[in-house]
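Take a look at the letters that make up each chain.
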Amino acid sequence: MSLVNKTLGIIGAGQLGMMLTEAAKKKGLKTIVLDPNPFSPAFRVADDYINRSFSDLDAVIELCERSDIVTYEFENVDDEIISEVSEKYCIPQGNKPLYYSKNRLREKRLANTCHIPTAPFQSVRRKEDLIKGLKQFGYPCILKTTEDGYDGKGQFLIHSEEDLPGAYEFINIHCMLMECILEKVVPFDFEVSTISFRSLDDSFTMLPIVRNIHQNGILNITIAPASLSLIQEKKIKEASRAFMEQNNFYGIMTIEFFVLGDDIYFNEMAPRPHNSGHYSIEACPYSQYDLLIMSLLGEKLPEKIEVTPCIMKNILGKNMWFVEKIKKMNLKDVYIHMYNKKDVMPNRKMGHITFLGYDLETYKNNIEKDI
Ligand code: AMP
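Reading the values: the criteria
- Residues numbered from 1 in each chain as written.
- Predicted model: local features only at pLDDT ≥ 70, side-chain atom pairs only at ≥ 80, totals over all residues.
- Heavy atoms only, no water.
- Near = heavy atom within 4 Å.
- Polar contact = N/O pair within 3.5 Å; in protein donor to acceptor, adjacent residues only side chain to side chain.
- Areas by Shrake-Rupley, 256 points an atom, 1.4 Å probe, with all protein chains shown as cover.
- Nonpolar A, V, L, I, M, F, W, Y, C, P; charged D, E, K, R; others polar.
- Domains from an automatic or database assignment.
- Pairing = 2+ DSSP bridges.
- Helix = DSSP H or I, 4+ residues; strand = E, 2+ residues; numbered from the N terminus.
- Axes fitted to C-alpha atoms, helices over the stretch in contact; angles between N-to-C directions.

Peer 1: Would you explain the site of the ligand in this entry?
Peer 2: Around the ligand, 16 residues are found, and the nearest of them are Arg104, Lys144, Glu183, Val186 and Glu191. At 2.8 Å, a side-chain N or O of Lys144 approaches an oxygen atom of the ligand. Relative to its free-state accessible area of 470 Å², the ligand is covered by the protein chains to the extent of 89%. Of the residues in the shell around the ligand, the class split is six nonpolar, four polar and six charged. If you count residues domain by domain, the shell around the ligand takes at least three from each of domain 2 (120-184) and domain 3 (190-366).

As structure tokens, this is what we get:
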């Protein structure tokens, strides 16, 4: 496809939309983004923006009218709106990945259909479902909302019978609106994520598998690449590829897995660039943003993506001091990305730092001891 005067439309203009916009510009594409937040990070870098709601059908149509290709950086976009507009406009990923990713029960059932294991789970609508699930799975378990939960929000850990009153209250509050999901806690050794790409020409590639360390349910550190055994690596790669190909998904797909010995468990999917892929901007010849754009344009994807080992540290509002500390250290091969968000909140993602050439040990010895 000739890129002259072509426009990429992006639903969502947060930091992911901002970095996607920057990659699109590098490729010679124009960009237009849609977001209800007037201070969205991507508004400053995109060629144009629409400051309206994601659920405003007319706003989505306007974005599509003014774009040649449309993608999303945010999975809580109304999949019914995307389904409607994708009949007329070019939205190569379509609404199907959104339909699944917005609901924890649906995405886990889909993984199981592709023979990808998940933690044992069941739907919970009332107390009796919870009791039945706990009897079957044993303690500990996690009760989660099926929709709108992210970064560990909307979750309740059940260690023992003592937590039952709290669990019943969780059900009373959340099951009024929709069913919840009960999952057995996987005593994982570590967590990893994969970011896979399928181009419209059917070529497929993956960024290296990375290891993720969370703090209070929010990503803190990504270690690229993850050190895995051959069997772990094979299982995770095969599952990631099968998930995209068997479901006929195009574009980008992030999957988070738990790893326990040689066993892997699918936890979550996200059909958009992911926080755990930011490191690829400096550490790989193609970033997750470059690869998404190539996929949407139908370009042939490179079979293997090399990586310079690195550590990515997420900067939340409460650790802005850390940025100052790193700046003062004046280190080589350290890349600070700030998203220029207006309001600083303790758990809001404000930026990230990539420490190129660092492994976990070097990072702990030189930068941060306790992670
Ligand atoms: P989620 O929002 O489902 O990604 O959950 C946030 C974090 O909670 C995950 O990254 C895990 O660290 C932890 N977690 C969620 N579900 C489970 C589970 N079934 N077993 C063990 N840990 C879990």
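Here the narrative resumes, following the displayed structure.
Peer 1: Any chance you could explain the sheet that holds strand E8 (residues 180-184) here in plain terms?
Peer 2: For sheets, the rule is that strands pair by backbone hydrogen bonds, running either parallel or antiparallel. Read across the open sheet, the four strands follow the order E5-E8-E6-E7; overall the sheet is antiparallel. Strands with a single pairing partner mark the edges of an open sheet, and in this sheet they are strand E5 (121-124) and strand E7 (155-158). This sheet shows a mean twist of 20° between the axes of neighbouring strands, independent of strand direction. Of the pairings in the sheet, the one linking strand E6 (residues 141-145) to E7 comprises four bridges and is antiparallel in character. Among the inter-strand pairings, Cys141 is bridged to a residue of E7, identified as Ile158.

Peer 1: Is there a simple way to explain the sheet that holds strand E2 (residues 30-34) in this structure?
Peer 2: In space, the four strands of this open sheet follow the order E3-E2-E1-E4, with parallel pairing throughout. Of all strands in the sheet, those bounded by a partner on one side alone are strand E3 (48-50) and strand E4 (69-72). When strand polarity is set aside, the average angle formed by the axes of neighbouring strands in this sheet is 20°. Sheet analysis places E2 next to E3, joined by three bridges and oriented parallel. Each residue of the ladder has a partner; that of Leu34, found in E3, is Ile50.

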